[in-house]
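The lines below spell out each chain.
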Amino acid sequence: MLQTDINPAPYIDYALLDPAASDEHVDRACEEADRFGFASVCVYPCNVKRVTERLLKTKVEICTVIGFPSGATTSNVKLYEAMEAVENGATELDVVINFGWLKTGQTNLLHQDIAQICEESGKPVKAILELSLLTPDEQELAAEVCMDAGVAFLKTGTGWAGAATIEMVKFLKDISRGKVGIKASGGIRTREQAIALIDAGATRIGTSHGVAIAREKI
């Protein structure tokens, strides 16, 4: 039975990942995140400095995406992107893993790719696994490598390759054994969906529909 008394707002990473988002859109997202008590605002790196200025006196975290959405940039580029974002005020980093390295068994490169960002940034890293594109064995391997590399969260996907599911969240909950947080992202548009994912084990909800979810009644 769904726990309808859960307030999803504090779990929400409020995503503004429209490449054409204007300064006005960014400012509005920051105001809404503060008003509704969301966990973070998640934007592209180019908007981090502006979000940092707008959220300076709030409790809202400043989240950005690294290597988004493919994860296929070089490790040096990912690290530079992450460090510049931190310098501009980012407090959380959602990093896309290199799927090619995972699928070809180059787990040493995958581990190094993520570990150097975790170590050098000093910020919580959410590893974006894109579970819908992976086999069950690859899903497990990706999760284990990223946890060993020091991530703070495992994230179901970018949202560009399908919706987050209850099954994905339960899988990550089982394999993480409480060691890291779990972020569900992709296709989450209603309060009922958000609560169901939280009930399954999600500790963060990535969505661009945060305001609608916060306002909706079940």
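These numbers come from a predicted model, not from an experiment. (Residues numbered from 1 in each chain as written. Predicted model: local features only at pLDDT ≥ 70, side-chain atom pairs only at ≥ 80, totals over all residues. Heavy atoms only, no water.)

## Points about unusual backbone geometry
Phase 1: For the bond from Phe 68 to Pro 69, the omega torsion is 0°, close enough to zero to count as cis.
Phase 2: Positionally, Pro 69 belongs in the loop between β3 (61–66) and α3 (75–87).
Phase 3: Positive phi outside glycine occurs at Glu 130, with the angle close to 50°.
Phase 4: If you trace the backbone, Glu 130 turns up in the loop between β5 (125–128) and α6 (136–149).
Phase 5: Backbone geometry places Arg 177, a non-glycine residue, at a positive phi of 50°. (Helix = DSSP H or I, 4+ residues; strand = E, 2+ residues; numbered from the N terminus.)

## Observations concerning the pattern of salt bridges
Phase 1: Applying the stated criterion to the full structure yields 17 salt bridges.
Phase 2: With its nearest N and O atoms 3.2 Å apart, the salt bridge here joins Glu 24 to Arg 28. Of the two residues, Glu 24 and Arg 28 both sit in helix α1 (residues 23–36), 4 residues apart, roughly one turn of that helix.
Phase 3: Measuring nitrogen to oxygen at the nearest pair gives 2.7 Å for the salt bridge that ties Glu 31 to Arg 35. With Glu 31 and Arg 35 both in helix α1 and 4 residues apart, this pair spans about one turn of that helix.
Phase 4: A residue is classified by how much of its surface remains accessible, and Glu 31, at 40% relative accessible area, is partly exposed.
Phase 5: According to the relative accessible area criterion, Arg 35 is partly exposed, its value standing at 46%.
Phase 6: Here the salt bridges share partners, and the residues they tie into one network are Asp 13, Glu 92, Asp 94, Lys 126, Lys 155, Lys 183 and Arg 204. (Salt bridge = Lys/Arg side-chain N within 4 Å of Asp/Glu carboxyl O. Buried < 20%, exposed > 50% of the residue type's maximum accessible area, 1.4 Å probe, protein only.)

## Quick word on the sheet that holds strand β1 (residues 12–16)
Two orientations exist for strands paired in a sheet by backbone hydrogen bonds: parallel and antiparallel.
Phase 1: The 8 strands lie next to each other as β1-β2-β3-β4-β5-β6-β7-β8, forming a closed barrel whose pairing is parallel. On average, adjacent strands in this sheet sit at an angle of 25° to one another, irrespective of strand direction.
Phase 2: Pairing of β1 with strand β2 (residues 40–43), which is carried by 4 bridges, proceeds in the parallel orientation. Bridge assignment links Asp 13 to a residue of β2, and that residue is Ser 40.
Phase 3: The strands touched by helix α5 (residues 107–121) within the sheet are β3, β4 (92–96) and β5, with β4 carrying the most contacts at an inclination of about 170°. (Pairing = 2+ DSSP bridges. Axes fitted to C-alpha atoms, helices over the stretch in contact; angles between N-to-C directions. Contact = heavy atoms within 4.5 Å.)

## Some points on the packing of aromatic side chains
Phase 1: As enumerated under the stated definition, the model contains 4 aromatic pairs in all.
Phase 2: On the basis of an interplanar angle of 15° and a centroid distance of 5.8 Å, the ring pair of Phe 36 and Phe 38 is categorised as stacked.
Phase 3: Summarising the aromatic geometry, the rings of Phe 68 and Trp 160 are spaced 5.6 Å apart at their centres and angled 90° between planes, so their arrangement reads as edge-to-face. Of this pair, Phe 68 sits in the loop between β3 and α3 while Trp 160 sits in the loop between β6 (153–155) and α7 (166–176), and the two are 92 residues apart along the sequence.
Phase 4: Residue Phe 68 is classed as buried on the basis of its relative accessible area of 15%. (Phe/Tyr/Trp six-rings, centres within 6.5 Å; stacked < 30°, edge-to-face > 60°.)

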